[in-house]
Amino acid sequence: MKDNYGRKIQYLRLSVTDLCNYRCIYCMPETGIPKKAHDDILSIEEFTEIVRAAHSLGIRKIRLTGGEPLVRKGVITLCRNIKAIDRDIELGITTNGSLLAPIAKELKDAGVDRLNISLDTLNPDTFRSITRGGALQDVLNGIIAAQQAGFEKLKINTVLLAGINDGELLDFIRLTKDAPLHLRFIELMPIGVAKHWKADRFMTAASIEGYLRNAELKAIDGVARVYAMPGHQGTIGIISPMSHSFCPTCNKIRVTPDGKLKPCLHSDQEIDLKGLRDKALIQALADGIRQKPESHRFGEASGSTARFMNEIGG
């Protein structure tokens, strides 16, 4: 199905929980978030029905996000349910990786095709500071377990944080030399907690261009410009929603844990899906696709979402 601007919408991101075992400084308040009532959160069955309805409208790619999706009870059942709708659905999960090691093989067996693992630093002390208490080794163990489980083309998502991890860019790039990892540098977006940060905390994608002088632009993969360094097994991608808007090619919609369809990450526009079934659910999803705005409004006070990033799923 196409939106009103001719974009073919094929990608649905499901935020299956707003809870997380970390409190990353740019994502969540230090005190965490109030836990919603059980009935306020979509059930695994409701998420499954949303995927079924979205698939009937042409959605072919699903990504489970959070919060941290692996803290959600029943997430493996949801993965199996999605693949039962259509084995050809491309199913991915974005995770902080800390809980991945014990269940990586189970996720693979449940039909998960791709994993994106968030990792903003390779320094244990900086990691503890960014996540407010997390252990870097847990994530590294998760990456190893995912590789052993047979996940290929693992993506590592690294948010650019001026004054925090900008001194580690070369270290991250080196990760791609001897392992088939696909690194993604992501510009920080002014959403939630980060909406109130000073401008000097934000880095543009241009900040890493000096590290990629010998790199070759290999592809445009969704919203990422993907580069290959000579002699490297992996690749380096740049996702730049702030300095180079990718709105003209955006093909995704999002659903929050409490059942709100968000046609745009940054917009305050939401359509309530909770309680809808069958034709009514399909109609609401179709309406949301048609109402997808032409572009985000970062930098403008109006139209900005009031939600924290952990409620939307990125």
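What you are looking at is a predicted structure, and each value in this text was computed from that prediction instead of being measured.

A.B. asks: Teacher, can you tell me more about the nonpolar core here?
C.D. replies: As a rule of thumb, soluble globular proteins bury nonpolar side chains together. Formed by 86 residues in total, the largest nonpolar core has its most connected members in Leu-14, Tyr-26, Ile-62, Leu-64 and Leu-107. For Tyr-26, the contacting residues outside a window of four places in its chain are Asp-120, Ile-130, Val-159, Leu-161, Leu-188, Ile-191, Val-193, Ala-194 and Trp-197. Grouped together as the second largest cluster of nonpolar side chains are five residues, Ile-186, Ala-224, Ile-239 and Phe-246 included.

A.B. asks: I would appreciate a short explanation of the sheet that holds strand β10 (residues 252-255) in the present structure.
C.D. replies: Pairing between the strands of a sheet comes from backbone hydrogen bonds, and it takes one of two forms, parallel or antiparallel. Here 12 strands make up an open sheet; going across it, the order is β7-β8-β9-β6-β5-β4-β3-β2-β1-β10-β11-β12 and the pairing mixed. Looking along the sheet, the strands with just one partner apiece sit at the ends: β7 (216-221) and β12 (271-272). The pairing of strand β1 (residues 11-15) with strand β2 (residues 61-65) spans five bridges and is classified as parallel. Of the residues in β2, the one forming a bridge with Ser-15 is Thr-65. Packing of helix α1 (residues 44-56) onto the sheet brings it into contact with β1, β2 and β10, and relative to β1 it is tilted by some 170°. Most of the contacts of helix α2 (residues 75-85) go to β2, to which it runs at about 175°, and overall it touches β2 and β3 (90-95).

A.B. asks: I would appreciate a short explanation of the environment of Cys-27 in the present structure.
C.D. replies: Tracing the backbone through its elements, the reader meets Cys-27 in the loop between β1 and α1. For Cys-27, a relative accessible area of 15% corresponds to the buried category. Taking the C-alpha atoms as reference, Cys-27 lies 20 Å from Leu-183; in sequence the two are 156 residues apart.

A.B. asks: Got a minute to help me understand the side chain of Asp-120 in this structure?
C.D. replies: Relative to the assigned elements, Asp-120 resides in the loop between β4 (114-118) and α4 (124-131). Here Asp-120 is buried and forms no salt bridge, its nearest opposite-charge partner Arg-201 lying at an N-O distance of 11 Å. Once residues within four sequence positions are removed from consideration, Asp-120 is found in contact with Tyr-26, Ile-130, Asn-157, Thr-158, Val-159, Asn-165 and Phe-172.

What counts and what doesn't
- Residues numbered from 1 in each chain as written.
- Predicted model: local features only at pLDDT ≥ 70, side-chain atom pairs only at ≥ 80, totals over all residues.
- Heavy atoms only, no water.
- Core = buried A, V, L, I, M, F, W, Y, C linked by side-chain atoms within 4.5 Å.
- Buried < 20%, exposed > 50% of the residue type's maximum accessible area, 1.4 Å probe, protein only.
- Contact = heavy atoms within 4.5 Å.
- Pairing = 2+ DSSP bridges.
- Helix = DSSP H or I, 4+ residues; strand = E, 2+ residues; numbered from the N terminus.
- Axes fitted to C-alpha atoms, helices over the stretch in contact; angles between N-to-C directions.
- Lys, Arg positive; Asp, Glu negative; His and termini not counted.
- Salt bridge = Lys/Arg side-chain N within 4 Å of Asp/Glu carboxyl O.

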